[in-house]
Amino acid sequence: MPLEPKPAEFPRIRGALTFYMVASVITGVMLLLLCAEMLLKYVWHLELYAFGPNGLLSFEPVVETPEGLESSGTGVNLSTGILIAHGWFYVVYLFSNFRLWSLMRWPFWRLLVLASGGIVPFLSFILEARIGREVRGYLAAREADAADAASASATAAPGATDSDTDSEPVEAAQ
């Protein structure tokens, strides 16, 4: 029999699921921004800058030198900001994955699949919808089973009290 979460953990699972879903969307958006930034930098040799001499937002060229690609813009490099922000949100996303995985008591391969959502573009959105639907359905089914079991035990012995079911110890004949 596989390990299953205890009913007392269901509120914590709901909180972990909400945290996972929010972290998943943020990480997915950041990953798409990162992919767009990488295309700009390595295909079109441009980086996005803010508050520079060329205006509020501007694309500045990246020049190729013997040491590699170097930025030529001035101001705040938003391309680097996107890179750093995605990295930190991915750490938060991994924490949300671990929390949900450990509360649901899933096998290790599921944690690896969840973690890949922050690496493969669009996968976090797919997993967010699928995992959310699966966990909510699981919790609803378990709660319905518990409610059915409670109502069945309440109707099994109507009018029976604890004193009716207690048995007196039998004295041994001497």
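Located above this text is the structure these notes cover.
Quick caveat: nothing in here was measured; it's all calculated off a predicted structure.

(A) A look at the nonpolar core. Counting 21 residues, the largest nonpolar core has Ile13, Leu17, Tyr20, Leu100, Trp106, Ile131 and Val135 as its most contacted members. Mapped by element, the contributors of at least two residues to this core are α1 (10-42), α2 (78-104), α3 (108-115) and α4 (123-156). Per element, the largest residue contribution to this core is 7 residues, and it comes from α1. Once you skip the residues sitting within four places of it in the chain, Ile13 turns out to touch Pro5, Leu100, Leu103, Met104, Val135 and Leu139.

(B) Summary view of the pattern of salt bridges. Under the criterion given, the structure shown has 4 salt bridges. In this structure, Glu143 engages Arg14 in a salt bridge whose closest nitrogen and oxygen atoms are separated by 2.9 Å. In this pair, Glu143 sits in helix α4 while Arg14 sits in helix α1, placing the two residues 129 residues apart along the sequence. Judged by relative accessible area, Glu143 falls into the partly exposed class, the value being 35%. Between Lys41 and Glu47 there is a salt bridge, and its shortest N-O distance comes to 3.4 Å. As far as burial versus exposure is concerned, Lys41 and Glu47 are alike and both buried.

(C) Main features of the side chain of Glu9. Note that Glu9 resides in the segment before α1. Among buried charged residues, Glu9 stands out as having no salt bridge; its nearest opposite-charge side chain is Arg105, 4.0 Å away. In this structure Glu9 touches Leu103 and Arg105, once residues within four positions along its chain are discounted.

(D) How the structure looks around the packing of α1 against α2. It is the contact of α1 with α2, at a shortest axis distance of 8 Å, that shows an interaxial angle of 150°. Classed by the angle they form, the pair α1 and α2 counts as roughly antiparallel. The way α1 lies across α2 gives a crossing that is left-handed. When the residues that make up the contact of α1 with α2 are grouped by side-chain class, the tally is 23 nonpolar, 7 polar and 3 charged.

(E) Inspection of the packing of α2 against α3 at higher detail. Contact geometry for α2 and α3: axes closest at 10 Å, N-to-C directions at 155°. In terms of their interaxial angle, α2 and α3 are classed as roughly antiparallel. Crossing handedness for the pair α2 and α3: right-handed. Two secondary-structure elements touch here, α2 through Tyr90, Tyr93, Leu94, Asn97, Phe98 and Trp101 and α3 through Phe108, Arg110, Leu111, Leu114 and Ala115. When its residues are assigned to classes, the contact of α2 with α3 shows 9 nonpolar, 1 polar and 1 charged.

What counts and what doesn't
- Residues numbered from 1 in each chain as written.
- Predicted model: local features only at pLDDT ≥ 70, side-chain atom pairs only at ≥ 80, totals over all residues.
- Heavy atoms only, no water.
- Core = buried A, V, L, I, M, F, W, Y, C linked by side-chain atoms within 4.5 Å.
- Buried < 20%, exposed > 50% of the residue type's maximum accessible area, 1.4 Å probe, protein only.
- Helix = DSSP H or I, 4+ residues; strand = E, 2+ residues; numbered from the N terminus.
- Contact = heavy atoms within 4.5 Å.
- Salt bridge = Lys/Arg side-chain N within 4 Å of Asp/Glu carboxyl O.
- Lys, Arg positive; Asp, Glu negative; His and termini not counted.
- Axes fitted to C-alpha atoms, helices over the stretch in contact; angles between N-to-C directions.
- Parallel < 35°, antiparallel > 145°, perpendicular 65-115°, else oblique.
- Left-handed = near helix turned anticlockwise from the far one by under 90°.
- Nonpolar A, V, L, I, M, F, W, Y, C, P; charged D, E, K, R; others polar.

All quantities given are derived from atomic positions and should not be read as evidence of function.
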